[in-house]
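Fold and contact review
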Amino acid sequence: MYEMRAESTVGRGELIWHVIRKDVAPSALCGRFLAQVSPTALLAQIEAAAERYCPSCMTAFSSAVRSHGR
Ligand SMILES: [Zn+2]
C-alpha cells in the first residue's frame, strides 16, 4: 500500500511529496524518514509553499509498480 506524504523543507518554503510504503516502514521510498506532521500544520504550509515531487521517490515508485506486474 503506497501513500503520498508531504514534507516541508524548513526555510525554503517548499513542500516535497514523497511516496511511502505503509506496510514496510514509515520511511519514504527514497530512504528518507518522514516525521509525522499534524494536518493543521501541513495545511498552513501548503498554502504558503511551492510544491514538488521527490524525484527519487517517483523513480522508485514507478519501478516498484512495474516490477509488480499485473
Ligand atoms: Zn522521497
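Heads up: these notes are all about the structure in this document. Remember, it's a predicted structure, so these values are computed and weren't measured experimentally.

A word on the pairing of strand 2 (residues 14-21). Here strand 2 lies mainly inside the structure; seven of its eight residues are buried. In terms of strand pairing, strand 1 (residues 2-9) meets strand 2 through eight bridges, oriented antiparallel. Pairing of Met-4 across the sheet is with Val-19, part of strand 2.

On inspection of all chains with the given rule, the structure shows one aromatic pair. Their ring planes at 75 degrees and their centres at 5.1 Å tell us that Tyr-2 and Phe-61 sit as a pair that is edge-to-face. On the criterion of sequence distance, the pair formed by Tyr-2 in strand 1 and Phe-61 in helix 2 (residues 55-68) is long-range, its members being 59 residues apart. Taking relative accessible area as the criterion, Tyr-2 reaches 28% and is therefore assigned partly exposed. Among the residues examined, Phe-61 registers a relative accessible area of 29% and is labelled partly exposed.

Turning to the coordination of the zinc ion, a few remarks are in order. Around the zinc ion, the protein contributes the donor atoms His-18 (ND1), Cys-30 (SG), Cys-54 (SG) and Cys-57 (SG), at 1.9 to 2.4 Å from the metal centre. What the four donor atoms of the zinc ion show is an angle range of 105 to 116 degrees at the metal, which sorts the shape as tetrahedral. Counting residues between consecutive donors of the zinc ion along the chain gives the motif H-x11-C-x23-C-x2-C.

The subject of this paragraph is the nonpolar core. Listed in full, the seven residues of the largest apolar core are Ile-16, Val-19, Ile-20, Ala-28, Leu-34, Cys-54 and Cys-57. Each residue touching Cys-54, except ones within four places of it in the same chain, is listed here: Ile-16, Trp-17, His-18 and Cys-30.

Further remarks concern the sheet that holds strand 1. Pairing within the open sheet is mixed, and its three strands lie in the order 1-2-3. Only two strands of the sheet have a single partner each, and these edge strands are strand 1 and strand 3 (50-53). Neighbouring strand axes in the sheet, compared pairwise and without regard to direction, differ in orientation by 30 degrees on average. This element, helix 2, spans strand 1, strand 2 and strand 3 of the sheet and lies at about 25 degrees to strand 2.

Rules used in this analysis
Residues numbered from 1 in each chain as written. Predicted model: local features only at pLDDT ≥ 70, side-chain atom pairs only at ≥ 80, totals over all residues. Heavy atoms only, no water. Buried < 20%, exposed > 50% of the residue type's maximum accessible area, 1.4 Å probe, protein only. Helix = DSSP H or I, 4+ residues; strand = E, 2+ residues; numbered from the N terminus. Pairing = 2+ DSSP bridges. Phe/Tyr/Trp six-rings, centres within 6.5 Å; stacked < 30°, edge-to-face > 60°. Donors = N, O, S within 2.8 Å, 3.2 Å for Na, K, Ca; no water. Tetrahedral: all angles 85-135°; square planar, octahedral: opposite > 155°, others 65-115°. Core = buried A, V, L, I, M, F, W, Y, C linked by side-chain atoms within 4.5 Å. Contact = heavy atoms within 4.5 Å. Axes fitted to C-alpha atoms, helices over the stretch in contact; angles between N-to-C directions.

Geometry only, nothing functional implied.
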